[in-house]
Structures are given as C-alpha cells and as structure tokens.
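Structural description and commentary
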Amino acid sequence: MNANDEGLQVLLVEDNAADAELTMDALRDAKLVNHVQWVKDGAEALDVLFKGGAAAAAENQRLKLVLLDLRLPRVDGHEVLRAIRADPRTKLMPVVVLTSSHEESDVVRAYDLGANSYLVKPVASEAFMAAVRELGLYWMLLNKLPGDIK
C-alpha cells in the first residue's frame, strides 16, 4: 500500500525555514505524504489543531503525524504537546519531537508530556534528510493508529 493512496498528512511545526524545507523535501522525495502543512510557531500549530470547531476536528482526523520542534516562538513545543494530549480529539495523534535540543531535561519533559518519539536533528543536511525519511517511513506506513486496522 502506498501512503499517497490514503491522503496522509503531516503537520510540521518548525520555526527554522531551512529545517522545514529539508523535512518537507525528504518526505516528498520518499513519496510518504500527499500534504505537509508547515506552521512556524506554536500558536499557529494550536490554531490549526483547535480553532475552527467541527471543520478543524474533521481535518485533524486526516493528520497522521505531528513533527514538533521544541524551541518555538510565542508558544513552545512542550506547551503544544501538552495541549495535544489534553484534548480528546488529538490525544492519540502521534507526535514526534524533532529538535536540536540535546538536553536531558527536554527529552524527559517531552516523554512526560506524551511524545511518541524524540529525535535530535542531525547537523549535516544529508543525515537530516535520511533521518526524516526513516521516521516518515515508520510513522506513515508501518505504524498503525486506531481505526487503521480493518
């Protein structure tokens, strides 16, 4: 089965334009998603996920993965993760923290708040793209969410 057959989507929450472009390129090159929605800060992420009532809730049903940076303007990634896990509409949505932070306290806090995975961004662009392709393969094709198994 090809990921494109199901209209899979990713919400990319990343304030660094170069990292966002590398992430989107890696996912598209691997043909893992039809649509990546990029937002540049935590407040925008919360708007996408929770504003708009029923329309937003229906759109969220099509999201298969949130790639979340921690160091974000306005609302940081930890607070976005807390909001995702606190809402029944999004609490089971896979969230992968994709960040430059090597700090143990960030790793522990992210997992305490319900992150599904924590990946430190590789510095070299080829290693970064390879890491995104691998995580995309797992989360978009191999991982099963409630309702995926028929």
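Refer to the structure above for everything that follows.
Before going into details, it helps to say that this report is about the structure given with it. Within each chain, residues carry numbers counting from 1 in the order of the written sequence. Predicted model: local features are reported for residues with pLDDT of at least 70 only, side-chain atom pairs are reported and counted for 80 or more only, and whole-chain, interface and lining totals are derived from all residues. Hydrogens and water molecules were not included; the side-chain quantities draw on all heavy atoms of the structure.

Moving on: the packing of helix α2 (residues 42-50) against helix α4 (residues 77-86). In this analysis, axes come from line fits to C-alpha atoms, helices being fitted only over the stretch in contact, and the angle between any two N-to-C directions falls in the range 0 to 180 degrees. What counts as a helix is a DSSP run of H or I of at least four residues, what counts as a strand is a run of E of at least two, and both are numbered from the N terminus. Two elements in contact, α2 and α4, have axes whose closest approach is 9 Å; the angle formed by their N-to-C orientations is 15°. Here α4 runs roughly parallel to α2, going by the angle between their axes. Of the two possible hands of crossing, α2 and α4 adopt the one that is right-handed. The segment α2 lies against α4, with Gly42, Ala45, Leu46, Leu49 and Phe50 engaging Val80, Ala83 and Ile84. Gly is placed with the polar residues, together with every amino acid not listed as nonpolar (Ala, Val, Leu, Ile, Met, Phe, Trp, Tyr, Cys and Pro) or charged (Asp, Glu, Lys and Arg). For the contact of α2 with α4, the class distribution of residues is 7 nonpolar, 1 polar and no charged. Convention used here: angles under 35 degrees read as roughly parallel, angles over 145 as roughly antiparallel, angles from 65 to 115 as roughly perpendicular, and any remaining angle as oblique. Should the near helix be turned counterclockwise from the far one by less than a right angle, the crossing is left-handed, whereas a clockwise turn marks it as right-handed. Here, residues are in contact when the closest pair of their heavy atoms is within 4.5 Å.

Further remarks concern the packing of α4 against helix α5 (residues 104-112). It is the contact of α4 with α5, at a shortest axis distance of 10 Å, that shows an interaxial angle of 15°. Comparing the axis directions of α4 and α5 gives the class roughly parallel. Of the two possible hands of crossing, α4 and α5 adopt the one that is left-handed. Contacts from His78, Glu79, Leu81 and Arg82 of α4 reach α5 at Asp106, Arg109 and Ala110. Considered class by class, the residues forming the contact of α4 with α5 number 2 nonpolar, 1 polar and 4 charged.

Once that is clear, we can look at unusual backbone geometry. Phi is positive for Arg74, which is not a glycine, with a value near 65°. Along the chain, the position of Arg74 falls in the loop between β3 (63-68) and α4.

On to the side chain of Glu14, then. Of note, Glu14 is situated in the loop between β1 (9-13) and α1 (17-29). Looking at Glu14, its side chain comes within polar contact range of the main-chain nitrogen of Asn16, at 2.9 Å. Two N or O atoms form a polar contact when they lie within 3.5 Å of each other; inside protein one atom must be a possible hydrogen donor and the other a possible acceptor, and for residues adjacent in sequence the pair counts only when both atoms belong to side chains. Within polar-contact distance, the side chain of Glu14 engages the side chain of Lys121 at 2.6 Å. Glu14 has contacts with Asp19, Ala20, Trp38, Val39, Lys40, Asp69, Leu72, Leu98 and Lys121, leaving out every residue within four places of it along the chain.

Once that is clear, we can look at the environment of Leu67. Of note, Leu67 is situated in strand β3. When the C-alpha atoms of Leu67 and Leu119 are compared, they prove to be 9.9 Å apart, with 52 residues separating the residues in sequence. Once you skip the residues sitting within four places of it in the chain, Leu67 turns out to touch Val10, Leu11, Leu12, Val13, Thr23, Leu27, Val96 and Leu135.

A word on α2. Note on classification: 1.4 Å probe, protein chains only; a residue is buried when its accessible area is under 20% of the maximum for its type, exposed when over 50%, partly exposed between these limits. For α2, the complete set of buried residues consists of Gly42, Ala43, Ala45, Leu49 and Phe50. Along the axis of α2, the buried positions cluster into a sector of 155°, meaning they face one direction only. If you check the start of α2, you find a side-chain oxygen 2.9 Å away from the backbone N of Ala43, and it comes from Asp41. In this description, the arc belongs to the directions extending from the helix axis to the C-beta atoms.

Glancing now at the sheet that holds strand β4 (residues 95-99). Here 5 strands make up an open sheet; going across it, the order is β2-β1-β3-β4-β5 and the pairing parallel. What marks the edges here is a single partner per strand, and that holds for β2 (35-39) and β5 (117-120). When strand polarity is set aside, the average angle formed by the axes of neighbouring strands in this sheet is 20°. In the packing of α4 onto the sheet, the strands contacted are β3 and β4, and the crossing angle to β3 comes to about 155°. In this description, strands pair whenever DSSP reports at least two bridges between them.

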